[in-house]
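Given next are the chains, with one letter for each unit.
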Amino acid sequence: LCSFTGFLTEDPKLTQDNGVSRAEFTLVTYTYRTAKSTGEKNRISTFVKCEAWHTGAETIAQLFQKGSKIHIHASARNSRDSRDVVFRVNEFDTGE
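Residues numbered from 1 in each chain as written. Predicted model: local features only at pLDDT ≥ 70, side-chain atom pairs only at ≥ 80, totals over all residues. Heavy atoms only, no water.

K.L.:
Help me understand the overall build of the protein chain in this model?
P.N.:
In terms of regular secondary structure, the protein chain is built from 1 helix and 6 strands. Counting from the amino terminus, helix and strand elements in the protein chain follow one another as β-β-β-β-α-β-β. Counting contacts in the protein chain only where the partners sit at least 6 residues apart, residues at least 24 apart contribute 53% of the total. For the protein chain, the accessible surface area stands at approximately 6,500 Å², while carbon and sulfur atoms represent 46% of it. In the protein chain, the 13 positive side-chain charges and the 12 negative ones have mean positions that sit 8 Å from each other. (Helix = DSSP H or I, 4+ residues; strand = E, 2+ residues; numbered from the N terminus. Contact = heavy atoms within 4.5 Å. Areas by Shrake-Rupley, 256 points an atom, 1.4 Å probe, with all protein chains shown as cover. Lys, Arg positive; Asp, Glu negative; His and termini not counted. Charge placed at Lys NZ, Arg CZ, Asp CG, Glu CD.)

Set out below in structure tokens:
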């Protein structure tokens, strides 16, 4: 189980998969590193592909849009159509 806090890069995409709601979205998370030589802080962006199912998918699609802050607990899964890793949301909140 992994936890991420980040911001949606676009509105969640809500679809039906065999009659079950599915929301796909990408989070961007930030870490900061300080350059030893200059002391300058650098922001590093990491993009995390996510999916949610059932009522969680519907709620995410209703409450969150591009730029929204969200905190998720998710488990890693291989994507069905590629070698990418997708994080399946188990729990979420507004990240506040």
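K.L.:
Can you walk me through the pairing of strand β4 (residues 41-53) in this structure?
P.N.:
Across a regular strand the side chains alternate sides, sitting on one face of the sheet and then on the other. When strand β3 (residues 20-34) meets β4, the two strands line up antiparallel, connected through 13 bridges. Among the inter-strand pairings, Tyr32 is bridged to a residue of β4, identified as Arg43. The hairpin turn running from β3 into β4, its antiparallel successor, is 6 residues long, and Gly39 in that turn takes a positive phi close to 80 degrees. As paired elements, β4 and strand β6 (residues 85-93) share 2 bridges and run parallel to each other. If you follow Cys50 over to β6, its bridge partner there is Phe87. (Pairing = 2+ DSSP bridges.)

K.L.:
Just checking my understanding: could you explain a nonpolar patch on the surface for this structure?
P.N.:
Where nonpolar side chains cluster on the molecular surface, the patch consists of Phe7, Tyr30 and Tyr32 and spans about 300 Å² of accessible area. Looking at where Phe7 falls in the secondary structure, it is placed in strand β1 (residues 2-8). (Patch = residues over 30% accessible without salt bridge, like charges linked within 9 Å, V, L, I, M, F, W, Y side chains within 5 Å. Salt bridge = Lys/Arg side-chain N within 4 Å of Asp/Glu carboxyl O.)

K.L.:
It is not clear to me how the state of the cysteines should be interpreted in this structure. Could you clarify?
P.N.:
Formally, a disulfide is one covalent bond, and it connects the sulfur atom of one cysteine to the sulfur atom of another. Going through the model one piece at a time under the given rule, you end up with 0 disulfides. Free cysteine Cys50: the closest other cysteine sulfur is in Cys2, separated by 10 Å. (Disulfide = S-S within 2.5 Å.)

K.L.:
I'm lost on the layout of surface pockets in this one. Help?
P.N.:
By volume, the largest pocket amounts to about 380 Å³. Lining the largest pocket are 18 residues; nearest its centre among them are Arg22, Glu24, Glu51, Ser79 and Val86. Tallied by class, the residues present in the lining of the largest pocket amount to 4 nonpolar, 4 polar and 10 charged. (1 Å grid on protein atoms, 1.4 Å probe; cavity = no way out; pocket = protein on both sides within 12 Å on 5 of 7 lines; lining within 4 Å. Points joined across faces, edges and corners; volume = space filled by probe spheres on them. Nonpolar A, V, L, I, M, F, W, Y, C, P; charged D, E, K, R; others polar.)

K.L.:
Explanation requested: unusual backbone geometry in the structure shown.
P.N.:
Most of the time, phi is negative for any residue but glycine, and the peptide bond is trans. In the Ramachandran plot, Asn18 falls in the positive-phi region, its phi being about 55 degrees despite a non-glycine side chain. Its place among the elements puts Asn18 in the loop between β2 (13-17) and β3. Overall, the relative accessible area of 78% leaves Asn18 in the exposed class. (Buried < 20%, exposed > 50% of the residue type's maximum accessible area, 1.4 Å probe, protein only.)

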